[in-house]
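Commentary on secondary and tertiary structure
Residues per chain, in single letters:
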Amino acid sequence: MNRDAREAIGARLCPLCCFIVPPVVLRKYSSDPSIPPATRRAMQQTQLETERLRGLREAHRIATMRDPQRFAAALAPHVPQQHLYDCKHRRNLPGTPVPHPGGTFKTVFDTTAKVVEFYGSVLGRNSLDNKGFDLTSSLHYGVEYDNAFWDGQQMVYGDGDGQIFGEMYLSPDVIGHELTHGVTQNESGLRYERESGALNESISDVFGAVFNQWLNKWPVTEPRGWLVGAGIIAPAAKAKGMTCLRDMTQPSAKHCLSPQPEHYADLDPSADVHENSGVPNKAFATFARAVGGHSWELAAKVWYDTCTNRRLRSDATMSEFAALTIESATRLGKAALASKCRSGWQEVGVAVPDD
Amino acid sequence: MTDPTHSPTAPRSPLLRVRIERRGGFAGMRASAQCECAALTPGQRASLEALVSRSPASAGTGAGADRFGFRIEAVHEDGSSQVIEVSEESMPEELQALVKPTLP
């Protein structure tokens, strides 16, 4: 080997940049005494590194042949996993893991999976954060606990007192409602007080109800599709004629365990967010029923667009939210849809921009 | 809000009666309880005294959604009273148990 050739090899060879050189060449010249020791060492290292990477590539090739799904998933969007826990009537969260959900745990698992499917197939969303957020649900929280909530990280369900409320997860719309709080937290982050809080609540009622309608394939004309919490009303409340917590089409009706004002002028600004959510609930129900068909096909997409297009402020008023829904309706369905959306808000007395 | 005539550093006279109002929760139903402090269990009484002796008018903001919120109005034997707002996380369980929803 002449000097020019040796210099050329010495200049080119380094452990990081000469994988293109065949191993046989590396092996041959790494033991050539006419090449400087530093260059020979570099060639040896390069050869070892090349062999190591070749081994890794081969291991990967074999593994993907044996278990292609696993390797496809590493590159695909994360599929949300579910984790269930049993609080065993205590209030420590999340509780004891339930690795193989059966009975009521399976009911929650299955309904939660359906909510994920609803958000995915109808609204094109991958779980709460649109990145496949894993879903954690804790059951049997507290003793006769009359509530279900989203704690900022997970869903929590009580068993109810058995007289007024039954087990909180028995209404699919309740599970849809709680998960939607997670969606809102990841999108507009509507503040949980005053009008923005009532909107936050209403959005959970809206998507909880639309999910229930989708699950049961109910058209907008089915009255049961607009009831919130119909499945958690226990015997003593039923005996008094209660059929639900809230009715989105008639929030002040006598069959509601938690009746609400129906008109914006009747709202007490300092009232609980669950009391004032009836106004935007009725606006949506009025709009969806005017559109007709299935609420998830168009009306819910208008609301979802407003909730996720990043224009909704966290301190939005009902009037600001209404104006954004009319813009979304215009974008998704032109003037005819926007007109129905505007009428829905006018029905409950929320000020909207002129036609 | 503590009553303006009472200095926050002076010891309070014993509790006479308490009214607890619960709001919020997924159902959004109001529920309340009123009782003489003499009728409370020693545990409930201790929890209540600890809660009202802390000066802030509200304890905890409450994360997430659909949690309960509590408003406690405590009347002392000397006639003074104080009102505090307490989030569900900061409200002792034995005091939460006093409040039951009632049918309309």
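This one's a predicted model, so the numbers in the text were calculated from it and none came from an experiment.

**Quick notes on the overall build of chain B**
- Helix and strand counts for chain B stand at two helices and five strands.
- Overall, chain B shows an N-to-C arrangement of helices and strands of β-β-α-β-β-β-α.
- Relative to its 104 residues, chain B shows a buried fraction of 45%.
- Taking the intrachain contacts of chain B between residues at least 6 apart in sequence as the baseline, contacts between residues at least 24 apart amount to 64%.
- Accessible area of chain B: about 5100 Å², with a carbon and sulfur share of 55%.

**Topic: the environment of Gly69(B)**
All names here are of chain B.
- Position of Gly 69 among the secondary structure elements: in strand E4 (residues 68-76).
- Spatially, the C-alpha atom of Gly 69 lies 8.3 Å from that of Glu 21, the residues being 48 residues apart in sequence.
- Apart from the residues within four sequence positions on either side, Gly 69 is in contact with Glu 21, Arg 22, Arg 23 and Val 86.

**Describing the interface of chain A and chain B**
- With 33 residues of chain A at the contact, the number on the chain B side is 21 residues.
- Carbon and sulfur atoms supply 56% of the area buried between chain A and chain B, which totals about 2200 Å² over both sides.
- Taking the shortest distance from any N to any O, the salt bridge between Arg91(A) and Glu88(B) comes out at 3.9 Å.
- Here chain A is connected to chain B by 16 residue pairs in polar contact (both at pLDDT 80 or more).

**Things to note about the sheet that holds strand E3 (residues 135-139) of chain A**
All names here are of chain A.
- As summarised here, the arrangement of the five strands in space is E2-E1-E3-E5-E4, forming an open sheet in which the pairing is mixed. Only two strands of the sheet have a single neighbouring strand rather than two, namely strand E2 (96-97) and strand E4 (148-150).
- Sheet topology note: the E3/strand E5 (residues 155-157) ladder contains two bridges and is parallel. Opposite Ser 137, over in E5, you have Met 155 as the bridge partner.
- Against the sheet, helix H6 (residues 172-186) touches E3, E4 and E5, its axis set at about 20 degrees to E4.

**Some details on the nonpolar core**
- By size, the foremost hydrophobic cluster in this structure holds 76 residues, and its most contacted members are Tyr157(A), Phe207(A), Phe284(A), Trp303(A) and Trp345(A).
- With ten residues, helix H12 (residues 318-347) of chain A is the largest single contributor of residues to this core.
- With residues up to four places along the chain from it excluded, the contact list for Phe284(A) reads Val206(A), Val210(A), Trp226(A), Met248(A), Ala299(A), Ala300(A) and Trp303(A).
- Val156(A), Val18(B), Ala33(B) and Val86(B) belong to the second largest nonpolar core, which has 25 residues in total.

**Observations concerning the environment of Phe284(A)**
All names here are of chain A.
- Note on placement: Phe 284 falls in helix H10 (residues 278-291).
- Given a relative accessible area of 0%, Phe 284 falls into the buried group.
- As for Phe 284 and Gln 213, which are separated by 71 residues in sequence, their C-alpha atoms are 14 Å apart.

**Some remarks on the layout of surface pockets**
- Within this model, the second largest pocket holds a volume of roughly 340 Å³.
- If you go around the second largest pocket, you meet 15 residues; those closest to its centre are Val143(A), Glu144(A), Ala97(B), Val99(B) and Lys100(B).
- Within the residue set of the lining of the second largest pocket, elements represented by two or more residues are E4 and helix H2 (93-96) of chain B.

**Digging into the pairing of strand E1 (residues 82-86) of chain A**
Residues and elements named next belong to chain A.
- Along E1, four of the five residues are buried, which leaves the element largely enclosed by surrounding structure.
- Sheet analysis places E1 next to E3, joined by five bridges and oriented parallel. Across the sheet, residue Leu 84 finds its bridge partner in E3, namely Ser 137.
- In this sheet, E2 lies alongside E1 in antiparallel orientation, the contact comprising two bridges. Residue pairing in the sheet places Asp 86 in a bridge with Thr 96 of E2.

**A few points about the side chain of His76(B)**
Residue and element names in this part refer to chain B.
- With respect to the helices and strands, the residue His 76 is situated in strand E4.
- By relative accessible area, His 76 is classed as buried at 2%.
- At a separation of 2.7 Å, a polar atom in the side chain of His 76 contacts the main-chain carbonyl oxygen of Ser 13.
- The residues contacting His 76, other than those within four sequence positions of it, are Arg 12, Ser 13, Pro 14, Leu 15, Leu 16, Ser 81 and Gln 82.

**Quick word on the packing of helix H7 (residues 194-216) of chain A against H12(A)**
Residue and element names in this part refer to chain A.
- Relative orientation of the contacting elements H7 and H12 amounts to 45 degrees, with a least axis distance of 9 Å. On the basis of their axis angle, the class for H7 and H12 is oblique. Residues Glu 195, Ala 198, Leu 199 and Ile 203 of H7 touch H12, and the partners they reach there are Met 318, Ser 319 and Phe 321.

**Overview of the confidence of the model for chain A**
- Across chain A, the average pLDDT comes to 89, with 87% of residues at 70 or higher.
- This model gives residues 5-19 of chain A a pLDDT under 50, and the stretch forms 20 contacts once residues within four places in sequence are excluded.

**Details of the pairing of E3(A)**
- Judged by how many residues are buried, E3(A) sits mostly within the fold: five of five residues are covered.
- The side-chain alternation of E3(A) yields two buried faces, one formed by Leu135(A), Ser137(A) and Leu139(A) and the other by Thr136(A) and Ser138(A).

**Notes on helix H5 (residues 103-123) of chain A**
- When the terminal C-alpha atoms of H5(A) are compared, their 30 Å separation across 21 residues agrees well with the 30 Å that a helix rising 1.5 Å per residue should span.
- Downstream of H5(A) by a residue or two, Gly124(A) has a phi angle that is positive, lying close to 70 degrees.

**Points about unusual backbone geometry**
All names here are of chain A.
- With omega at 5 degrees, the peptide bond leading from Leu 93 into Pro 94 counts as cis.
- If you check the backbone angles, Arg 310 has positive phi at about 70 degrees while not being a glycine.
- Inspection of the secondary structure puts Arg 310 in the loop between helix H11 (299-308) and H12.

**What about the side chain of Ser80(B)?**
All names here are of chain B.
- Looking at the element boundaries, Ser 80 is found in the loop between E4 and strand E5 (81-87).
- Residue classification places Ser 80 among the buried residues on the basis of a relative accessible area of 10%.
- Separated by 2.8 Å, the side chains of Ser 80 and Asp 78 make a polar contact.

Conventions we followed
Residues numbered from 1 in each chain as written. Chains lettered and ligands numbered in written order. Predicted model: local features only at pLDDT ≥ 70, side-chain atom pairs only at ≥ 80, totals over all residues. Heavy atoms only, no water. Helix = DSSP H or I, 4+ residues; strand = E, 2+ residues; numbered from the N terminus. Buried < 20%, exposed > 50% of the residue type's maximum accessible area, 1.4 Å probe, protein only. Contact = heavy atoms within 4.5 Å. Areas by Shrake-Rupley, 256 points an atom, 1.4 Å probe, with all protein chains shown as cover. Buried area = accessible area lost by both parts, 1.4 Å probe. Salt bridge = Lys/Arg side-chain N within 4 Å of Asp/Glu carboxyl O. Polar contact = N/O pair within 3.5 Å; in protein donor to acceptor, adjacent residues only side chain to side chain. Pairing = 2+ DSSP bridges. Axes fitted to C-alpha atoms, helices over the stretch in contact; angles between N-to-C directions. Core = buried A, V, L, I, M, F, W, Y, C linked by side-chain atoms within 4.5 Å. 1 Å grid on protein atoms, 1.4 Å probe; cavity = no way out; pocket = protein on both sides within 12 Å on 5 of 7 lines; lining within 4 Å. Points joined across faces, edges and corners; volume = space filled by probe spheres on them. Parallel < 35°, antiparallel > 145°, perpendicular 65-115°, else oblique. pLDDT = per-residue confidence, 0-100. Expected span 1.5 Å × (residues − 1).

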